[in-house]
Amino acid sequence: MQEHNPQDIHQIGPSDELKLEIVRRGSGPPLLLMPGEDGLERDAPFLDELAKFYEVIIPSPPGFGRSSRPDWITGPDDIAYMMLDVVDELGLKNVPVVGFSFGGWIAAEMATKDDGFISKLVLVDPYGIKTGKPTEREIQDVWLLSPDEVTALKWHDAAKGKRDFKSMPEDKLTIVARDRETFARFGWEPYLHNPKLKHRLHRIKVPTLLIWGEHDGIVTPKYGEAYRKLIPGARLAVVPQAGHLPHIEQPQAFLTELKRFLD
Amino acid sequence: MRAWHFTEMPYPHIPPFDELKNTRVTIPNRLFDPKIGADLYNRYLDEHCIADELGLDIMLNEHHSSASCIDSCVPLPAAILARQTKNARILILGNPIANRGEPVRIAEEMAMIDCISRGRLDVGFVRGVPTEINPANSNPTMTNERLWEGIDLAMRAWTTHDGPFNYEGRFWHKRAVNIWPRPYQQPHPPVWITGSSDRENVRKVARHGFTFATFLQPHENTRSLFDEYRKHYVDAGVPHQGGTAFLPLVFTADSDSEAEAGAQELLWYIRSNKTEPQFKNPPGYASIALNVMALQGKFGGRTEAVRAQGLDYMMEQGILIAGTPDKVAARIRKFYDQVGGFDHLMMMQQAGHLDHRRTVRSMTLFAKEVYPRIKDLPPTVAPKAAAEPALAK
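Just so it is clear, the model here is predicted, and its values are computed rather than measured. (Residues numbered from 1 in each chain as written. Chains lettered and ligands numbered in written order. Predicted model: local features only at pLDDT ≥ 70, side-chain atom pairs only at ≥ 80, totals over all residues. Heavy atoms only, no water.)

Participant: Account for a negative patch on the surface, with residues named and values stated.
Facilitator: All names here are of chain A. On the surface, Asp85, Asp88, Glu89 and Asp114 cluster together into a patch of negative charge. Assignment of secondary structure puts Asp88 in helix 2 (residues 76–90). Here Asp88 falls in the exposed class, since its relative accessible area comes to 60%. (Patch = residues over 30% accessible without salt bridge, like charges linked within 9 Å, V, L, I, M, F, W, Y side chains within 5 Å. Areas by Shrake-Rupley, 256 points an atom, 1.4 Å probe, with all protein chains shown as cover. Salt bridge = Lys/Arg side-chain N within 4 Å of Asp/Glu carboxyl O. Lys, Arg positive; Asp, Glu negative; His and termini not counted. Charge placed at Lys NZ, Arg CZ, Asp CG, Glu CD. Helix = DSSP H or I, 4+ residues; strand = E, 2+ residues; numbered from the N terminus. Buried < 20%, exposed > 50% of the residue type's maximum accessible area, 1.4 Å probe, protein only.)

Now the structure itself:
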């Protein structure tokens, strides 16, 4: 696991209450990566490969990683505006944006507000919309199901989802515990979606690819298809033998889809 | 020392616990037979009326989606008992203000019950246990923050008498708060808050001069919480308010063997608390430090810890008090000394399948033979005498 560098902490916006951890990997043209709620991306093998071609910029959203969490930020809508400040401060222009799961939701929110800085948008098994009836469970309830049930839905091969918390140092566990708390704070209600987002997705004008794990049981490829239809010109690529985190379970197949789209 | 009769109003006619994943949150209500439920509600209310006749005070609580407690709307029995009882103080412990929201509505309900009972209401506000998060669909984070903002708003509603005020807080926005009626007791009914480990919460309760209550805790823990409270207590000058309260399971019997049998029945309450991990510890309900311990496998919840210990431990610690009147009185006096004194004994005298006859026998023995021997235990803080309501200027 990568060590913490104090230089990774950046004040965002006019107040010092918002300090984000922003790490960079590799060299090349910049690519903005919005991590998922489990924060697994920074230490994942696919990132080493991506870092050969890009300078990958990974901000931890408020309350995740070592980023602060001001009270006024209550959900992805706020996070998206705040992330646009990050884009401004880093002077990012014409960059690819890749978002995973909760980070995919934030990337979609950002793109509906301002996609002028985005060259291409990639959303990997994102949350964020609800298109069905009130009683339809489109996004499986990760807080109502048991941890074992969630693991079974989330992973094609549940063994890949095992994490050894008992041997993890306390400062890393503190981040895991805080990440989980923050995810619930921002995703509890409305449950992992913003009712307004589906009415805003048409504003995304940049080329968009949705990458989906074929066996994602939390948000299924059918949900991905509904998402795709709401973004003009978007394409959906399904990665076989993968669940909610195709970039972790099938890094090669994931990278093939990603590179084909970005190149 | 004041003594309060309490039952969670259980619905015990459910399948064996090993056939159920959860006794709360997901247990389907097809298992609730409304005819049996009707009998149970009326029986539990009868027992509260008997408590009143026996000179005991009354405590009520609220849970949701649970067979352990079918009192899902605590102002309702409180309002019924405000009419049907004569002397008992009626304690709601408590209003789940952090989960339910609606602090102004709660302030109105409490003010009405206070008026109907002519000033016999004690009002608890609680953060709510973790299993309440899903039934309420309240965010599992910020529960303490919502609790205290809710209390602030409810108390402003009780104590503002000059027409509407506005409130734009972090969680609640109200335009024209102006409740009718105002509470009978002045400046407001006594306020109680519960706690189990959070020291900062205990200090906050003490600094407001509210009554502090804790449930089913080993006596060493209880003492450290009560010591912390007493160290920081500030008298707010509210009649009946202030001091410490403890809730054990209590069964008083004519013989040791009957006491033992009754104690076993009360343990249904502990045994019935069966839920899956996602309901015991929703994300962000407990502190990050506790969740780090949970990830390390070192923390599984306080109720779990007590449950794992068994009957002897619970008797030894004062979590369960059962015996003949002599023994119960002696145990309570000993507990009083062990915790540096306390002011309110809240007694779960009914749980599970413990039937009406045996419940009332235990209550009666307590009221007639135990209560007179512990009533003289002095208060640990000095509450003001009840005052007549003053008219608002």
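Participant: Help me get a handle on the pattern of salt bridges, residues and values and all.
Facilitator: Following the criterion strictly, the structure yields 34 salt bridges over all chains and no others. The partner of Lys172 of chain A in a salt bridge is Asp171 of chain A, and the shortest N-O contact between them spans 3.7 Å. Asp171 of chain A gets classed as partly exposed once you look at its relative accessible area, which sits at 42%. One salt bridge in this structure joins Asp326 of chain B and Arg373 of chain B, with 2.7 Å as the shortest N-O distance. Of the two residues, Asp326 of chain B sits in helix 15 (residues 325–338) while Arg373 of chain B sits in helix 16 (residues 356–374), which places them 47 residues apart along the sequence. Here Asp326 of chain B falls in the partly exposed class, since its relative accessible area comes to 49%. Judged by its relative accessible area of 34%, Arg373 of chain B is partly exposed. One salt-bridge network, in which partners are shared between bridges, spans Asp77, Glu109, Lys113 and Arg200 of chain A.

Participant: So what's going on with helix 6 (residues 143–159) of chain B? Which residues, and what values?
Facilitator: Residues and elements named next belong to chain B. For helix 6, with 17 residues, the first-to-last C-alpha span of 24 Å sits near the 24 Å given by 1.5 Å per residue. Within helix 6, 12 of the 17 residues are buried, which leaves the element mostly enclosed by the surrounding structure. Residues Thr143, Arg146, Leu147, Trp148, Glu149, Gly150, Ile151, Leu153, Ala154, Met155, Ala157 and Trp158 constitute the buried set of helix 6. (Expected span 1.5 Å × (residues − 1).)

Participant: How would you summarise the environment of Arg105 of chain B if you had to cite specific residues and measurements?
Facilitator: Tracing the chain through its elements places Arg105 of chain B in helix 4 (residues 103–116). Between the C-alpha atom of Arg105 of chain B and that of Asn42 of chain B, which follows or precedes it by 63 residues, the distance is 26 Å.

Participant: Residues and numbers for the packing of aromatic side chains, please.
Facilitator: Residue and element names in this part refer to chain A. Under the definition given, this model contains 25 aromatic pairs over all chains. Judged by centre distance (5.7 Å) and plane angle (75°), the ring pair of Trp143 and Tyr191 falls under edge-to-face. Highlighted residues: Trp143 in the loop between strand 6 (118–124) and helix 4 (147–154) and Tyr191 in the loop between helix 5 (170–187) and strand 7 (208–213), separated in sequence by 48 residues. When its relative accessible area of 9% is taken as the criterion, Trp143 is described as buried. A ring pair is formed by Tyr223 and Tyr227, whose centres lie 6.0 Å apart and whose planes are at 75°; its orientation type is edge-to-face. Of the two residues, Tyr223 and Tyr227 both sit in helix 6 (residues 221–230), 4 residues apart, roughly one turn of that helix. One aromatic cluster is present, built from ring pairs that chain together Phe64, Phe102, Trp105, Tyr127, Trp143, Phe183, Trp188 and Tyr191. When the ring centre of Phe261 is taken as origin, the NZ or CZ atom of Lys120, which lies over that ring, is 5.3 Å away. (Phe/Tyr/Trp six-rings, centres within 6.5 Å; stacked < 30°, edge-to-face > 60°. Lys NZ or Arg CZ within 6 Å of the ring centre and 35° of its normal.)

Participant: How would you explain empty space enclosed by the protein if you had to name every residue and give the values?
Facilitator: Residue and element names in this part refer to chain A. One pass over the structure, following the stated rule, counts 2 cavities of 30 Å³ or more. The calculated volume of the largest cavity comes to roughly 50 Å³. Around the largest cavity, the lining residues are Glu37, Asp38, Arg163, Val176, Asp179 and Arg180. Considered class by class, the residues forming the lining of the largest cavity number 1 nonpolar, no polar and 5 charged. (1 Å grid on protein atoms, 1.4 Å probe; cavity = no way out; pocket = protein on both sides within 12 Å on 5 of 7 lines; lining within 4 Å. Points joined across faces, edges and corners; volume = space filled by probe spheres on them. Nonpolar A, V, L, I, M, F, W, Y, C, P; charged D, E, K, R; others polar.)

Participant: Just give me the short version of the nonpolar core, but keep the residues and values in it.
Facilitator: Residues Leu56, Phe125, Trp158, Ile332, Phe342, Phe366 and Ile374 of chain B are the most contacted members of the largest nonpolar core, which totals 81 residues. Among the elements that line this core, the one with the most residues is helix 6 of chain B, at 8 residues. Membership of the second largest hydrophobic core comes to 57 residues, among which are Ile118, Tyr127, Phe183 and Leu236 of chain A. (Core = buried A, V, L, I, M, F, W, Y, C linked by side-chain atoms within 4.5 Å.)

Participant: With reference to specific residues and values, describe unusual backbone geometry.
Facilitator: Most peptide bonds take the trans configuration, and most residues that are not glycine carry a negative phi. All names here are of chain A. Note the cis peptide between Glu189 and Pro190, where omega equals -5°. Considering the arrangement of structural elements, one finds Pro190 in the loop between helix 5 and strand 7. The phi torsion at Ser101 lies on the positive side, around 55°, for a residue other than glycine. Along the chain, the position of Ser101 falls in the loop between strand 5 (95–100) and helix 3 (102–113).

Participant: Describe in detail helix 2 (residues 75–84) of chain B, supporting the description with residues and values.
Facilitator: All names here are of chain B. Those residues of helix 2 that fall on the buried side of the exposure criterion are Pro75, Pro77, Ala78, Leu81 and Ala82. Buried residues of helix 2, seen end-on, are gathered within an arc of 160° and therefore sit on one face of the element. Of the residues in helix 2, the exposed ones pointing more than 90 degrees away from the buried face are Leu76 and Arg83. Against helix 1 (34–53), strand 2 (57–60), strand 3 (90–95), helix 3 (97–100) and helix 4 lie the buried residues of helix 2. (Arc of directions from axis to C-beta. Contact = heavy atoms within 4.5 Å.)

Participant: Hey, could you go over the interface of chain B and chain A for me, with residue numbers and the actual values?
Facilitator: Between chain B and chain A, the residue contacts involve 24 residues of the former and 21 residues of the latter. Across the interface of chain B and chain A, roughly 2000 Å² is buried in total on both sides, 62% from carbon and sulfur atoms. For Asp71 of chain A, the salt bridge is made with Arg170 of chain B, and the minimal N-O distance between the two is 3.3 Å. Across the chain B-chain A interface, the total number found is 8 residue pairs in polar contact (both at pLDDT 80 or more). Listed by contribution, the elements that provide at least two residues to the side of chain B that touches chain A are helix 5 (133–136), helix 11 (277–280) and helix 12 (288–295) of chain B. No other element matches the 4 residues that helix 12 of chain B contributes to the side of chain B that touches chain A. Class assignment for the residues of the side of chain B that touches chain A results in 11 nonpolar, 10 polar and 3 charged. (Buried area = accessible area lost by both parts, 1.4 Å probe. Polar contact = N/O pair within 3.5 Å; in protein donor to acceptor, adjacent residues only side chain to side chain.)

Remember, this is a structural readout, not a statement about activity or role.
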